[in-house]
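Close look at the chain arrangement
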Amino acid sequence: MSSNDSNKICRTPVTELTRSSFLHHRIMADPAHFAFRKMILDEITPVVMVLPTPLVEQGCQKNGLSFVQMLTPFCVFNNIDVPVRTASDQPYRLQKFKLRMFYGSDIRQPNIEVTKERLEKVIADAGKGEDSDLYLDPSPIETMATSSEPEFVPAWFQYFNKELVRSVSFSDHEAFDHPVACLLVVSSSDEDPINKFVDLFNTNQLPPLLSDGAMDPKIPKYFILVHDNQTGSLERATKILAEMRNTFGSNDCRLLCINSSQDQLIDREPNPWDPYGSNASSGQNLGCLLNHEDVDELKDFVRNLSSKDIIPNMEQRIRVLNQQVSATRKGFRNQIKNLWWRKGKEDTPEVQSVNMYTFNSIESQIRVLGDYAFMLRDYELASSNYRLLSTDYKLDKAWKRYAGVQEMMGLTYFMLNQSKKDAEYCMENAFSTYLRIGTSGKGNATRCGLWWVEMLKTSGQYKDAASVYFRIPGDEPLHSAVMLEQASYCYLLAKPPMLRKYGFHLILSGDLYKKCDQIKHAIRAYRNALSVFKGTTWSHIHDHVHFQIGKWYAFLGRFDVAMKHMLEILSCSHQSKTMQELYMRDFFQILQKTGKTYSISRLQLPIVNISSLSVVSEDHRTYGSLAAASVKESVWQSLEEEMVPSLSNAKTTWLDLQSKLLPNKLKQSNICVAGEALKVEISFRNPLQLSIPISNVTLMCEYSANEALPDANSSSEIQGDEDGKIATGSESSSDTSLFTSSEVDITLAGGETTVAQLSVIPRKEGLLRVTGVSWKLSDSMIGFYTFDADLIKKKISKQKRKAKQDANKLEFLVIKSLPRLEGVIHNLPETVYAGNLHRLSLELRNSSEISVKNLKMKISHPRFLNIGNPEALDVNFPSCLEKKESCAHKDADLDATKLSETVFHFPKDTIIHKETPFFLPLWFRAATPGNMSLYLTIYYEIDDKSTAMRFRTLRTHHMLEVLPSLDVSFFISPCSSRLQEYVVRMDVINRTSLRNFKLHQLSSVGNEWQISLIESIEHIFPSGNLEPGQALSCFLKLRNVKTTETEMDVWLGSGSSEAILDTKRAPLVNFHHYERLHQKTSHQENQSTVDFMLISRMEETETVPSDVPTPPQIFSHHACHCSVSTKRPIWWLLDGPRVNHCNFSNSFCETKLKMTIHNSSCFVVSVRINTFDSPPGGSPSGNKVGWHDMSTPPSDDTKKLVSLESVPPFIWSGSSTTRVKLEPNSATEISLLVTTFAPGTYDLSNYTLNWNILDSNSSREKEGVCYGRPFYLTILREE
Amino acid sequence: MTSTACFMIVSRNDIPIYEAEVGTAPKKEEAAHQHQFILHAALDVVQDLAWTTSAMFLKSVDRFNDLVVSVYVTAVSHTRLMLLHDSRNDDGIKSFFQEVHELYIKILLNPLYLPGSRVTSSHFDTKVRGLARRYL
């Protein structure tokens, strides 16, 4: 090879055999490729065994170095330039070369325990170094993926891998760890150095590899005399050297002088020993006693050793071995022989002795040949020998050796750069074979795996590399953890990056680290994984990662960081209850240990339901209760329509006043009054299945003094502003008392949603803004939720009723304190039976100094609630209802309520001052069963003109449940025997399930109708108690009278002890009025209706304690507009003698009858009376023409016949048709004559009255027929 | 014999919209997140594999220890039905996926369902569990 060529080779990282591979290699020389190549070249190099005497070591230790350490820096040659010839005499030059020096005692399989400890130390040391950046946020994944490998892959991985690879060195199944030479080192101060040399290579102390026959103990030996210049003179050393040369041959003996620097310590920069320095001597200046001559001598020694002795020796060995192998194995004949020979061995048991292949077996020789060739870079030769060997071992089923050869084959293929596929196949084969042989192969499998991974990495097959890492066996979870972490980085480096795999493997590795108590490593792994899982929607992953990291940080005492992660898992609603309990317990533990107070925006525990936010502010509208505030504004507006100054009026009246006080731009904002609570309702939802207590739920508010005020009215409103200026002055001084917020504690059961009612009371005028809500999850965990203006806006657009409030709904203009009425209705029952009558009292209080006046009130349901006379406060209920003689003012009372209709004006002089409550009696009657909402609104004006508001309203809302009590119905039918009289059937049913009723009285309301019982009440209803479910019917007589003093009341009670109640007095009459209004239907005539009022009492139950005098429960039931009218407008009555005595002297008997006809309609009616001679029942169908009812069955005819026979005939005499005309409400009499021919009883019903309404335009029936009613006339023969 | 089966529907952007443990093995606390991790990691493989074949059913795309991930890639908005299982009943799994896909399409046809949002229908849930009992 020319020098020019060799120069080129120098520039390439490795030296090649052939030009073609060299060219190929230049193309492939990317850094990753280079790295693995370098690694292989570092690992698989000749080993030199060193056997020193203790004195040699002593001398070297003066420099802080062992003998091997002292030599190590000079064992690496980058440009040794040794000419070598291959087995087939092809010359090439070795440029790079490395020797590995080991003490003889170290040339053995490393102790497993020691290795394990060392590896653990490596990891632990690496963990310690992590401290600095462990608490920083993980860098975003994007930058990681693009940055090159070394930046984020921890550097100690390389070191760890190297240690792992070295843990399986000096195995007997491979030859590249076998020493190629031996250095026997004796100090010049040793006594009898020649014998020392002989003793050193004592077979008893030789490493097992040599002693047990795995390798040839006849290795080249070199005899080195080390002379310490500090201990003796050089003469003695040269003398010994001469002696040595005589004994051992001149070529193999050397003299090394050390510690020549006598006085000054030599400082080197850079110190060549630093990277190799022993662990303990970091502070010491390594090699301080070695001067330049010494170092050069060392360098030359190793260089000469390599180039002049070791490499030529190896070359020579290769030649010899190659010839042997060729002789025994190459050629067709040998192959057949070999095959046959091995076939014969097949029967031997598989468990072969380890030493089956001694150093002189042909297999071992091939292996040595291959390894030597590999170490001298003759890869072609190595590869062919490995191939040869692998079939042999395979046939022998020597799996470990087979795997070892396969491994080397893979490496050779890689180094040859020929077939990537073959290389990978060999590596995989080796890997799986190592795995198959069990525990003894695990270490080798790991090494093989690591090499395979590196090989895959060079060709960019990161995905495959990761799966190999995953397959690398991990007896030690710690090793597995490291492997998994490396695997994860491979996924990250894969193209395209497999981030999810990366994350997953980091988590797996983190878990293993944790298992081995390597918390810091675990955290690093998880933290890196977090960059993948941050913000993931995979809930269990999210919770797991944050929970573990949080816990580990807490373990390390970094509670602040731990909290950051623990906060992420608070809303773990998807987890099972046990997990939630675990999470919460750890969360609170860590929180407690943190000792800090956190306030977290939008804390997820509990969840604030922002759409539930409702704000009740009271401006001129004040509310009696929160329930009242939640009622729709339109309800109130319709209620207050008549009472409150109308909208347009209001604008001109009080806004004029207001505009003086308020700047224009604030007109839009909400107003609230200083000293009055601003109520906010917001619901909290507990996402967990556990119950969580939260305390101190309070509103967050901002207060600002009204700065806009002076600007807006700078010019015009100076005189009125003195108040405001003083106010602003004081505001700035006392910030604490600007507003007070209420604090609420609530406990949320699992999954519960609770509405918290919060309030804030502004104390000063200005601008108050509700910014959010805050709560305490525990003493040191404060959550808060800022109300976002956008959210509120959205909500308003959805909800129309709040639409008029502006976007800044949470901003309030606080105005000066105003009087505010508070009203309470005493005694209002929550559940009541229908018809029950109560007296209530309304209490109004004014806590302000300023009095209020001009009160008005309106009630939504006057049917239920009625305003009593203020004087009625003191009277005794229910005795006040009793009928008294003095009924002077009752009409006036009635008028008053009726005239005012809906709005009740309080007496003119009513002024409510501070501390003097005002009472007003109210009457309550539960009108109809069902749930009832009563709205009450009270309007009042403020007796102070300077305030911003002139009037306010108090709105109260009351909910009642009304249960059914009695059902009363009336059925009225005309009495057939009397004119203007009716029979009334009253049906009463007790609808309650428990209570008894006592009927008290039935009254007809008004003056027109007189009622009386047909039978005495004792007779029909002896018990007097209406049991639950019992029904009662009783018949009453009703008579229309025009006089004023009539019996309108019927006593229905059992005894007569109690007084009859006066139905004409308030409140009964008032309630009746509203009942009438309510029950009114569209076409009712006033004339022909009657109103009834049934008054009853409820039996007191036994459960009520007897010492409390309960007032009797009075019930009133009203039935209005009970129609008495029938369809026909006429009444008639046939009157005459019932019994007539006749002697039949003139063979017939005439009886005179009188018919009275009354027209009760308001029209003129013409009536025609037709009499028939046919018997009653068979009356013809009158004057009806056209279609008529034919449905009468034919059997009627027979009946008719029978009656014809049984009843003796009679005839109507006189005119058979009479027609009369009747004026409205008038009566007339018509005489009728009936003639009988025999004694007997006659039914005189065979007549009809045909009536016809004249001059009526209404749509009602104009004409009709009335059939005669039975009238029995008995004719007796007079004797 | 108890079997593990974790079924999941993953919508676009890898957001899980439905998940159900349909195996007969007793539920373990740590299994929940482990299954999610495995399925999540398998998405990487699915992502590559989905474009290499026209078949919707990708069997055994990924595995972790003895747990196998089978995936059914739908044509609708890149939704993936994923099943983590330890049984080797490919035909059953395929039928299961096809039927669940049909159910999912019915869910999609619901005008009130926003594609890509969580499937909360209890009817769907009971149906899926029923199918799992039948096929897996």
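The name that an unreviewed UniProt entry assigns to chain B is Trafficking protein particle complex subunit 2, with the source organism given as Deinandra increscens subsp. villosa.

With an unreviewed UniProt entry as reference, chain A is termed Trafficking protein particle complex subunit 8, source organism Deinandra increscens subsp. villosa.

A word on the environment of Ser1215 of chain A
All names here are of chain A. By secondary structure assignment, the location of Ser1215 is in the loop between β45 (1210-1213) and β46 (1217-1222). Owing to a relative accessible area of 48%, Ser1215 belongs among the partly exposed residues under this scheme. Here the alpha-carbon distance between Ser1215 and Thr1171, two residues 44 residues apart in the chain, equals 8.5 Å.

Looking at the environment of Ile523 of chain A
Its place among the elements puts Ile523 of chain A in helix α23 (residues 519-533). Distance from Ile523 of chain A to Lys551 of chain A, taken between C-alpha atoms, is 9.8 Å for residues 28 residues apart in sequence.

Considerations on a negative patch on the surface
Residue and element names in this part refer to chain A. A surface patch of negative charge is lined by Glu191, Asp192, Asp199 and Glu243. In this fold, Glu191 is placed in the loop between β7 (179-187) and α10 (193-200). With relative accessibility at 67%, the residue Glu191 sits in the exposed group.

What to know about the pattern of salt bridges
All chains considered together, the criterion is met by 32 salt bridges over all chains. When the shortest N-O distance is used, the salt bridge between Glu315 of chain A and Arg319 of chain A registers 3.4 Å. Taken together, the residues span about one helical turn, with Glu315 of chain A and Arg319 of chain A both in helix α13 (residues 292-329) at a distance of four residues. The two residues Glu315 of chain A and Arg319 of chain A agree in class, both being buried. Taken together, the shared-partner salt bridges connect Arg500 of chain A together with Asp14, Asp44 and Arg80 of chain B into one network.

Some points on helix α3 (residues 122-135) of chain B
What sets the pattern is the α-helix's 3.6 residues per turn: residues three or four places apart point alike. Residues and elements named next belong to chain B. Taking 1.5 Å per residue, 14 residues should reach 20 Å; α3 reaches 20 Å between its end C-alpha atoms and fits that length. If you check which residues of α3 are buried, you get Phe124, Val128, Leu131, Ala132 and Tyr135. Each buried residue of α3 lies within a common arc of 100° when the element is viewed along its axis, so the set occupies one face. With respect to the buried face of α3, the exposed residues turned more than 90 degrees away are Ser122, Thr126, Arg133 and Arg134. Buried residues in α3 make contact with β1 (5-10), β2 (16-21) and α2 (90-109). For α3, the N-terminal capping position is held by Ser121, with its side-chain oxygen 3.3 Å away from the main-chain nitrogen of His123.

Things to note about the sheet that holds strand β14 (residues 678-685) of chain A
Where strands meet in a sheet, backbone hydrogen bonds hold them as pairs that are either parallel or antiparallel. Residue and element names in this part refer to chain A. Pairing within the open sheet is antiparallel, and its four strands lie in the order β11-β14-β18-β16. Each edge of the sheet is formed by a strand with only one pairing partner; in this case those strands are β11 (607-616) and β16 (739-741). Going across the sheet, the axis of each strand differs from the next one's by a mean of 20°, ignoring polarity.

Considering the interface of chain B and chain A
Every contact between the two is made by 22 residues of chain B and, on the other side, 21 residues of chain A. On the chain B side of the interface with chain A, the three residues burying the most area are Phe37, His40 and Asp44 of chain B, jointly 33% of the side's total. Summed over the shared surface of chain B and chain A, the number is three salt bridges. Note that Asp44 of chain B and Arg500 of chain A form a salt bridge whose closest N and O atoms lie 3.1 Å from each other. Taken together, the elements giving at least two residues each to the side of chain B that touches chain A come down to β1, β2, α1 (29-49) and β3 (57-64) of chain B. By residue number, the principal contributor to the side of chain B that touches chain A is α1 of chain B, which donates 14 residues. A breakdown of the residues in the side of chain B that touches chain A according to their chemical character gives 12 nonpolar, four polar and six charged.

Some words on the packing of aromatic side chains
Under the definition given, this model contains 34 aromatic pairs over all chains. Consider the rings of Phe157 of chain A and Tyr489 of chain A, whose centres lie 6.1 Å apart with planes at 50°: the pair is tilted. Residue Phe157 of chain A is located in helix α9 (residues 156-166), and its partner Tyr489 of chain A is located in helix α21 (residues 477-493); the two are separated by 332 residues in the primary sequence. Taking relative accessible area as the criterion, Tyr489 of chain A reaches 2% and is therefore assigned buried. With a centroid separation of 6.2 Å and an interplanar angle of 85°, the aromatic rings of Trp1212 of chain A and Tyr1247 of chain A are classed as edge-to-face. On the criterion of sequence distance, the pair formed by Trp1212 of chain A in strand β45 and Tyr1247 of chain A in strand β49 (residues 1247-1253) is long-range, its members being 35 residues apart. Side by side, Trp1212 of chain A and Tyr1247 of chain A carry an identical accessibility label, which is buried. A connected cluster of aromatic rings, assembled from ring pairs, spans Phe7, Tyr18, Phe57, Tyr72, Phe96, Phe97 and Phe124 of chain B.

Quick look at the confidence of the model for chain B
Looking at chain B as a whole, its pLDDT mean stands at 86, while 98% of the residues score no less than 70. Taken together, the chains of this predicted complex give a pTM of 0.67 and an interface ipTM of 0.94.

Some points on a nonpolar patch on the surface
Residue and element names in this part refer to chain A. A cluster of nonpolar side chains, namely Phe1148, Ile1211 and Phe1237, defines an oily patch on the protein surface of about 230 Å² accessible area. Relative to the helices and strands, Ile1211 resides in strand β45. Residue Ile1211 is classed as partly exposed on the basis of its relative accessible area of 33%.

Some points on the side chain of Ser70 of chain B
All names here are of chain B. Within the fold, Ser70 resides in strand β4 (residues 67-73). Taking relative accessible area as the criterion, Ser70 reaches 0% and is therefore assigned buried. At 2.8 Å, the side chain of Ser70 and the side chain of His85 are in polar contact. In this structure Ser70 touches Phe57, Leu58, Lys59, Ser60, Leu81, Met82, Leu83, His85, Ile93 and Phe97, once residues within four positions along its chain are discounted.

Procedures and definitions
- Residues numbered from 1 in each chain as written.
- Chains lettered and ligands numbered in written order.
- Predicted model: local features only at pLDDT ≥ 70, side-chain atom pairs only at ≥ 80, totals over all residues.
- Heavy atoms only, no water.
- Helix = DSSP H or I, 4+ residues; strand = E, 2+ residues; numbered from the N terminus.
- Buried < 20%, exposed > 50% of the residue type's maximum accessible area, 1.4 Å probe, protein only.
- Patch = residues over 30% accessible without salt bridge, like charges linked within 9 Å, V, L, I, M, F, W, Y side chains within 5 Å.
- Areas by Shrake-Rupley, 256 points an atom, 1.4 Å probe, with all protein chains shown as cover.
- Salt bridge = Lys/Arg side-chain N within 4 Å of Asp/Glu carboxyl O.
- Lys, Arg positive; Asp, Glu negative; His and termini not counted.
- Charge placed at Lys NZ, Arg CZ, Asp CG, Glu CD.
- Expected span 1.5 Å × (residues − 1).
- Arc of directions from axis to C-beta.
- Contact = heavy atoms within 4.5 Å.
- Polar contact = N/O pair within 3.5 Å; in protein donor to acceptor, adjacent residues only side chain to side chain.
- Pairing = 2+ DSSP bridges.
- Axes fitted to C-alpha atoms, helices over the stretch in contact; angles between N-to-C directions.
- Buried area = accessible area lost by both parts, 1.4 Å probe.
- Nonpolar A, V, L, I, M, F, W, Y, C, P; charged D, E, K, R; others polar.
- Phe/Tyr/Trp six-rings, centres within 6.5 Å; stacked < 30°, edge-to-face > 60°.
- pLDDT = per-residue confidence, 0-100.

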